[in-house]
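Coordinate inspection notes
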Amino acid sequence: MTIFGGGSPTAGIVNLYGTQTVTITVPLWARRVWCGGMGAGGGGAGSNTATNRAVGGGGGGYVEDFRSVVGNETITFTIGAGGAAGSNGSGTTGGSTTIVSSSSGISLTAVGGTGGTTGSGNITGATGGTASGGAINSSGGASGTVSVNSGASGGGAPGHPLGTGGASGAVSGILGASGGAGLRGASGAITGGTTSVA
């Protein structure tokens, strides 16, 4: 969070990392704040069965906004935990990140990505988390679909200020695994013995 105001001091910055809930009291000199947050990524699935497939977790959503505030109001940040990976099963959904004020109407939410799944047949990729309440609300990227035994897809990238996170490539037709997506780009797909570059 970046805090802006008149007089001296004119700005202050607060950075929060890791799973936690923190309440911050806005300084008396503050007039505006920039707040942003990212939902946690979903955990990837795992399998120790040769005929199963597994997909990575979806990326978390991203939200940000620039809002007016008054001195002494409180803003509570809740940062969601990352999804747990499945050792021989599905991953869990990532936690949501919320930013809520006591009086100025700030209510921002970045939802965590869903966990990857495993099993036989066509395994659909995990979806990315959404976001709401901000001037910028970007979804996380999805993980790729897997339709070949022992195949696996990488995880989706988180949303970001410029848009939706990248998706990981699909795996079909031949054994393989796609890489995790980049922030603004997808990973390549593996299809029938060839690799496509996204």
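Residues numbered from 1 in each chain as written. Predicted model: local features only at pLDDT ≥ 70, side-chain atom pairs only at ≥ 80, totals over all residues. Heavy atoms only, no water.

This paragraph deals with the pattern of salt bridges. All told, the structure shown has one salt bridge when counted by the stated rule. R67 is paired through a salt bridge with D65; the nearest N and O atoms lie 2.7 Å apart. Since its relative accessible area comes to 22%, R67 is described here as partly exposed. Residue classification places D65 among the buried residues on the basis of a relative accessible area of 12%. (Salt bridge = Lys/Arg side-chain N within 4 Å of Asp/Glu carboxyl O. Buried < 20%, exposed > 50% of the residue type's maximum accessible area, 1.4 Å probe, protein only.)

The biggest cluster of nonpolar side chains holds 15 residues, and the ones touching the most others in it are V69, I75, I99 and I106. Counting only elements with at least two residues in this core, the list comes to β3 (20–25), β4 (30–38), β7 (74–79) and β9 (107–110). A per-element tally of this core places β4 first, with three residues. Residues within four places of V69 in sequence aside, it is in contact with V26, A30, R31, R32, V33, I75, S104 and I106. Within the second largest apolar cluster, six residues are counted, among which are V55, I123, V146 and V171. (Core = buried A, V, L, I, M, F, W, Y, C linked by side-chain atoms within 4.5 Å. Helix = DSSP H or I, 4+ residues; strand = E, 2+ residues; numbered from the N terminus. Contact = heavy atoms within 4.5 Å.)

The subject of this paragraph is the sheet that holds strand β8 (residues 97–101). In spatial order, the strands read β3-β7-β8-β9-β11; together these five strands make up an open sheet with antiparallel pairing. Bordering the open sheet on either side are β3 and β11 (131–132), each of which pairs with just one other strand. Note that β8 and β9 share four bridges and pair antiparallel. If you follow T98 over to β9, its bridge partner there is T109. (Pairing = 2+ DSSP bridges.)

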